[in-house]
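# An overview of the molecular structure
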Amino acid sequence: AIVPTQFKSGTTTITITAVDSECLIATTTFTVTFRSIPHPPTIAMVSAVPVSVDEDKTTADSTTNSKLLEFIVNDVDTGPASVVVTADSGNHDLVPVANIQIGNQGAASTTRTLTITSGTHQFGSTTITLTATDPTGLATRTSFTLNVNHVNQPPTVDQAANLSLAEDPGQQ
């Protein structure tokens with residue numbers, strides 16, 4: 001069997017030599033071409049999942065003692081800089097797609113970051129899906145659960161207008 005090194009392609013020449021018991025030699029040569037086969041990119045979460053955050057906070061908010069979420073992307077065919085990552089939320093009210101920010105897009109580093117902010121006064125759980133796509137259109141997905149914790153919001157009081165009343169006016 002002829003097996004190439006993983007993720008390698010190219011052409012090689014193979015020579016086979018046969019020698020019989022009388023030392024007669026026969027030789028043949030042939031070429032083997034290993035075609036490049038596109039491989040999908042890889043994507044994997046580095047940060048612990050599931051992820052929890054308080055409502056109206058971001059996953060990178062210093063007041064929640066949280067940090068940027070990290071994940072790793074790569075593509076054996078073209079390298080990490082060519083991998084484009086997109087994100088989606090299973091609940092667009094809880095986490096609008098516009099509130100999912102991906103850092104280090106197009107970087108030569110394999111490490112990407114993710115900052116997620118919940119919708120205003122929203123809480124609950126949703127699935128966040130990351131899709132890594134390479135230049136050939138091959139894609140790989142990974143998902144994780146984001147839990148947005150309810151935070152009791154303080155009540156609000158509207159400013160009352162000033163009143164001017166006559167002395168002993170009776171019931172108003």
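Residues numbered from 1 in each chain as written. Predicted model: local features only at pLDDT ≥ 70, side-chain atom pairs only at ≥ 80, totals over all residues. Heavy atoms only, no water.

Turning to the sheet that holds strand 4 (residues 51-54), a few remarks are in order. A sheet is described by the order of its strands in space; here four strands give the open sequence 4-10-9-6, paired in mixed fashion. At either margin of the open sheet sits one strand with a lone partner, and together these are strand 4 and strand 6 (84-89). Each adjacent strand pair in this sheet contributes to an overall mean axis angle of 30°, direction not counted. With four bridges joining them, strand 4 and strand 10 (residues 139-149) adopt parallel strand pairing. Bridge pairing in strand 10 places valine 51 opposite leucine 146. (Pairing = 2+ DSSP bridges. Helix = DSSP H or I, 4+ residues; strand = E, 2+ residues; numbered from the N terminus. Axes fitted to C-alpha atoms, helices over the stretch in contact; angles between N-to-C directions.)

Ordered by their spatial adjacency, four strands build an open sheet running 3-5-8-7, and the pairing between neighbours is antiparallel. The sheet terminates laterally at strand 3 (42-45) and strand 7 (100-103), the two strands that pair on one side only. Neighbour-to-neighbour, the strand axes of the sheet open up by a mean angle of 25°, direction not taken into account. Where strand 5 (residues 69-74) meets strand 8 (residues 111-116), four bridges bridge the pair, whose relative direction is antiparallel. Residue pairing for strand 8: leucine 69 is matched across the bridge by leucine 114.

Along the chain, aspartate 75 turns up in the loop between strand 5 and strand 6. Despite being buried, aspartate 75 has no salt bridge partner; arginine 112 is the closest side chain of opposite charge, sitting 10 Å away. Residues within four places of aspartate 75 in sequence aside, it is in contact with His39, Pro40, Pro41, Pro80, Val83 and Asp134. (Buried < 20%, exposed > 50% of the residue type's maximum accessible area, 1.4 Å probe, protein only. Lys, Arg positive; Asp, Glu negative; His and termini not counted. Salt bridge = Lys/Arg side-chain N within 4 Å of Asp/Glu carboxyl O. Contact = heavy atoms within 4.5 Å.)

Chain-level statistics for the protein give a pLDDT mean of 86 and a share of 93% at 70 or above. Mean pLDDT across the elements of the protein ranges from a minimum in strand 4, with 76, to a maximum in strand 6, with 96. (pLDDT = per-residue confidence, 0-100.)

Another aspect to go through is the nonpolar core. The biggest cluster of nonpolar side chains holds 21 residues, and the ones touching the most others in it are Ile116, Leu130 and Phe144. Counting residues per element, the ones that place at least two in this core are strand 3, strand 4, strand 5, strand 6, strand 8, strand 9 (124-133) and strand 10. Apart from residues no more than four positions distant in its own chain, leucine 130 is found in contact with Ile43, Met45, Phe71, Val85, Thr86, Ala87, Leu114, Thr140, Arg141, Thr142 and Phe144. (Core = buried A, V, L, I, M, F, W, Y, C linked by side-chain atoms within 4.5 Å.)

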